[in-house]
Amino acid sequence: MPRSLSIAPWRLWLVWAVGVGAYVLSVTNRSSLSAVGVDAAVRFHADASTLSLFAVIQLFVYASMQIPVGLLLDRFGARPIITLGMIVMAAGQLVMAFAPNVGIAILARVLVGAGDAAVFPSVLRVVAVWFPARQAPLLVQLTGIVGQAGQLLAILPLAALLHATSWSIAFGSLAGLGLLFTVLTFAVIRNRPPGREADVSVDTETGAIRVVTSAADLRQGIGESWRHPATRLAFWTHFTTPFAGTAFVLLWGFPFLTVGEGLSPVTASFVFTVYVICGMLAGPVIGALSSRHPNRRSRLLVLPIIGVQVVAWLAVIAWPGPSPVWLLILLAIAMSTGGPGSMIGFDVARTFNPSHRLSTATAIVNVGGFLAALLAILLIGIAMDLQGAGTPDTYSLGAFRIAFLTQVPLWALGAFFIVFERRRTRVHIGLDRAR
């Protein structure tokens, strides 16, 4: 019997809606320096490397917390973990609201990264536990699509509020929203549907069915997940597809568009909006193709998505003089496919891992995209400083273009391992013969 038949539909969707609302807020918190990066540089007297450090440390904490969060989710369920994440995120934004120097601001981003790390995996677990398996791929894509609205909140209302009031009021408002969703998540979300006392695990390799009462041993759970080549394929998929868009939206895009390309803040915000909206539109299409062609995901979707981003960025970098707005919009559209493309990694991990280690496998995959993003952000910042363009007064289009070339090795590394692990996965599941 499908898991949702005994549950009122309104309750199913209420649980999902509150979880997705929390994810929207976590994306807003994650992206809260995107449109105010120049303001942050001025407020904290930060050069490019230091400004990169805010995002790099935040993403490092996020990535390093994924496996612990996955193990905690497998042990305690979604409700306590997502509630704790909202509390920690709210505390981080409150610290940022009144941070007097770079050191305290970095502490604030550590807290934001730690809290953010708990939210998305928790929502994915809610989807996996509350909804039938046939709905999971679409709901994962829908969760990612709706969550990206948080970027719009960071780009437009937050920047407008900061410029209309003050730094403390803007970031204090984010802390207040975090407290609100702390209450909502605790009140609405439950670990499992009513009537079920435990999660049932079906091992996808042996077909054995058992009741899950505790998390697997730390070393065993991580080792079992990583040893399956599909988990590694999912990791590299999530590593390679979204990092360019993440680095662009999280920190370097707005300074590049306004100071480097000479766009007005309004036009730059429009480019960001195109990025978010096109990502939301691409999600259902990519999700449907991923579900329809599960054995061709890498060749049909992942590698072409990477190729489109590489071509778009090289066109912008090679353009003589400032790029026309239409080309920057095409760049935004190309990067917007990365977020939905990264969700394919979660589809792959869910398909080939038994449910008793689902959150652990999901966590491993989630590390990939944010590890690549923090490397990209850090490399761009270092490249800017090495060119003597480390502060808003010294930013230049030429320096930005050279700095963005540091993304190319990350694309090449990820594409190589996608091809390599795809072959090993197909051999492992019997679609191809071992050579």
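Not measured: the values here are computed from a predicted model.

Draft legend 1. Focus on the overall build of the protein chain. A tally of regular secondary structure across the protein chain gives 19 helices and 2 strands. Here the protein chain, with 435 residues, has 57% of them falling under the buried criterion. Taking the contacts inside the protein chain whose residues are at least 6 apart along the sequence as the reference set, 81% of them involve residues at least 24 apart. Carbon and sulfur atoms make up 70% of the accessible area of the protein chain, which amounts to about 16,900 Å² in all.

Draft legend 2. Broad picture of the layout of surface pockets. What the second largest pocket holds in volume is close to 180 Å³. Contributing to the lining of the second largest pocket are Val-24, Leu-25, Thr-28, Leu-153, Pro-157, Leu-158, Leu-161, Ala-170, Ser-173, Leu-174, Leu-177 and Phe-181. Elements with a minimum of two residues in the lining of the second largest pocket: helix H1 (9-30), helix H8 (157-164) and helix H9 (167-188). Considering each element in turn, the lining of the second largest pocket owes the most residues, 5 residues, to H9. Of the residues that constitute the lining of the second largest pocket, the class distribution is 10 nonpolar, 2 polar and no charged.

Draft legend 3. Here's a closer look at the packing of aromatic side chains. According to the stated counting rule, one finds 28 aromatic pairs in the structure shown. Ring geometry for Trp-319 against Trp-326: centres 5.8 Å apart, planes inclined by 90°, an arrangement best described as edge-to-face. Linked through ring pairs, Phe-248, Trp-252, Phe-254, Phe-256, Phe-272, Trp-313, Tyr-395, Phe-400 and Phe-404 together constitute an aromatic cluster. Of note, Arg-79 hangs over the ring of Phe-186, and the distance from its end group to the ring centre comes to 4.0 Å.

Draft legend 4. Geometry of empty space enclosed by the protein. Tallying each qualifying case throughout the model produces 3 cavities of 30 Å³ or more. In this structure, the largest cavity spans a volume of roughly 410 Å³. In this structure, the largest cavity is lined by 30 residues; those nearest its centre are Arg-30, Gln-148, Gln-151, Thr-246 and Gly-339. Broken down by secondary-structure element, the contributors of at least two residues to the lining of the largest cavity are H1, helix H6 (136-147), helix H12 (243-260), helix H13 (265-292), helix H16 (338-352) and helix H17 (358-386). For the lining of the largest cavity, the element with the highest residue contribution is H16, accounting for 5 residues. Across the lining of the largest cavity, the residue classes break down as 16 nonpolar, 13 polar and 1 charged. A volume near 150 Å³ is recorded for the second largest cavity.

Draft legend 5. A look at the environment of Ala-361. Relative to the assigned elements, Ala-361 resides in helix H17. Owing to a relative accessible area of 0%, Ala-361 belongs among the buried residues under this scheme. Through-space distance from the C-alpha of Ala-361 to that of Thr-231 is 6.7 Å; in sequence the pair is 130 residues apart. Setting aside anything within four residues of it in sequence, one finds Ala-361 in contact with Ser-225 and Asn-353.

Draft legend 6. Focus on the side chain of Glu-421. Mapped onto the secondary structure, Glu-421 falls in helix H19 (residues 408-428). For Glu-421, a relative accessible area of 4% corresponds to the buried category. Side chain to side chain, Glu-421 and Arg-232 meet in a polar contact 3.1 Å long. Discounting residues that sit within four places of it in the chain, Glu-421 has contacts with Pro-229, Arg-232, Leu-233 and Trp-236.

Draft legend 7. Layout of the environment of Val-95. Within the element layout of this structure, Val-95 appears in helix H4 (residues 78-97). Accessibility expressed as a relative area gives 26% for Val-95, which makes it partly exposed. Sequence separation between Val-95 and Gly-172 is 77 residues, and the spatial gap between their C-alpha atoms is 8.6 Å. If we skip the residues at most four places from it in the chain, Val-95 touches Ile-104, Ala-108 and Leu-111.

Draft legend 8. Here's a closer look at the pattern of salt bridges. One pass over the full model with this rule turns up 2 salt bridges. Across the pair Arg-30 and Asp-116 runs a salt bridge, and its minimum N-O distance is 2.6 Å. Remark: Asp-116 occurs in helix H5 (residues 102-130) and Arg-30 occurs in helix H1; sequence separation between them is 86 residues. In this structure, Arg-30 and Asp-116 share a single accessibility class: buried.

Thresholds, definitions, all that
- Residues numbered from 1 in each chain as written.
- Predicted model: local features only at pLDDT ≥ 70, side-chain atom pairs only at ≥ 80, totals over all residues.
- Heavy atoms only, no water.
- Helix = DSSP H or I, 4+ residues; strand = E, 2+ residues; numbered from the N terminus.
- Buried < 20%, exposed > 50% of the residue type's maximum accessible area, 1.4 Å probe, protein only.
- Contact = heavy atoms within 4.5 Å.
- Areas by Shrake-Rupley, 256 points an atom, 1.4 Å probe, with all protein chains shown as cover.
- 1 Å grid on protein atoms, 1.4 Å probe; cavity = no way out; pocket = protein on both sides within 12 Å on 5 of 7 lines; lining within 4 Å.
- Points joined across faces, edges and corners; volume = space filled by probe spheres on them.
- Nonpolar A, V, L, I, M, F, W, Y, C, P; charged D, E, K, R; others polar.
- Phe/Tyr/Trp six-rings, centres within 6.5 Å; stacked < 30°, edge-to-face > 60°.
- Lys NZ or Arg CZ within 6 Å of the ring centre and 35° of its normal.
- Polar contact = N/O pair within 3.5 Å; in protein donor to acceptor, adjacent residues only side chain to side chain.
- Salt bridge = Lys/Arg side-chain N within 4 Å of Asp/Glu carboxyl O.

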